[in-house]
Amino acid sequence: MPAKEQAVSEFKSKSGFKRIFSAFFYSIDGFKSAWKNEHAFRQELVLVVIGIVAALVLPVSAFEKLMMIAVLLLILVVELLNSAIEAVVDRVSLERHSLSKNAKDFGSAAVLLTLIIAVATWSVILFNRFYY
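Predicted model only: the values in this text are computed from it and were never measured. (Residues numbered from 1 in each chain as written. Predicted model: local features only at pLDDT ≥ 70, side-chain atom pairs only at ≥ 80, totals over all residues. Heavy atoms only, no water.)

A. Geometry of the packing of aromatic side chains. As enumerated under the stated definition, the model contains four aromatic pairs in all. Judged by centre distance (5.2 Å) and plane angle (85 degrees), the ring pair of Phe24 and Phe25 falls under edge-to-face. On the accessibility criterion, Phe25 (39% relative accessible area) is partly exposed. In this structure an aromatic cluster arises from ring pairing among Phe17, Phe21, Phe24 and Phe25. One residue, Arg129, lies across the ring of Phe130, its end atom 5.4 Å from the ring centre. (Phe/Tyr/Trp six-rings, centres within 6.5 Å; stacked < 30°, edge-to-face > 60°. Buried < 20%, exposed > 50% of the residue type's maximum accessible area, 1.4 Å probe, protein only. Lys NZ or Arg CZ within 6 Å of the ring centre and 35° of its normal.)

In structure tokens:
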């Protein structure tokens, strides 16, 4: 049986340094689009910036600062993935469908879990620093 030839998208990235250079600008476009089109991303970004400043000035260890900042950035990562899921679902069809709802709800649940992880991380670090 002959091997099936795999189709390659015309949008497939380039190789080498050109790919890295292009990928950087695609990422910048992604941030711009998220800022422009996603209310949740803008709200979370404002909270993340405030949180990063707070983490940097709090009297905690460098590792604790890193963890406090990392969980905040994780919120943005998951929100971007959630927005990507929503965009693909909407691109496929704006018709209401239980699978479309599931996909969007799963993404939203992932964001919620990330927020819970961030709150738990900050709570443990701050409790240990100030009340233990």
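B. Examining helix 3 (residues 62-92) more closely. Helix length check: helix 3, at 31 residues, gives a terminal C-alpha distance of 45 Å against a target of 45 Å (1.5 Å per residue), a fit within 8%. Every buried residue of helix 3 is listed here: Lys65, Met68, Ile69, Val71, Leu72, Ile75, Leu76, Val78, Glu79, Asn82, Ser83 and Val89. If you follow the buried residues of helix 3, they end up packed against helix 2 (39-57) and helix 4 (98-130). (Helix = DSSP H or I, 4+ residues; strand = E, 2+ residues; numbered from the N terminus. Expected span 1.5 Å × (residues − 1). Contact = heavy atoms within 4.5 Å.)

In short, shape yes, function no, at least from these values alone.
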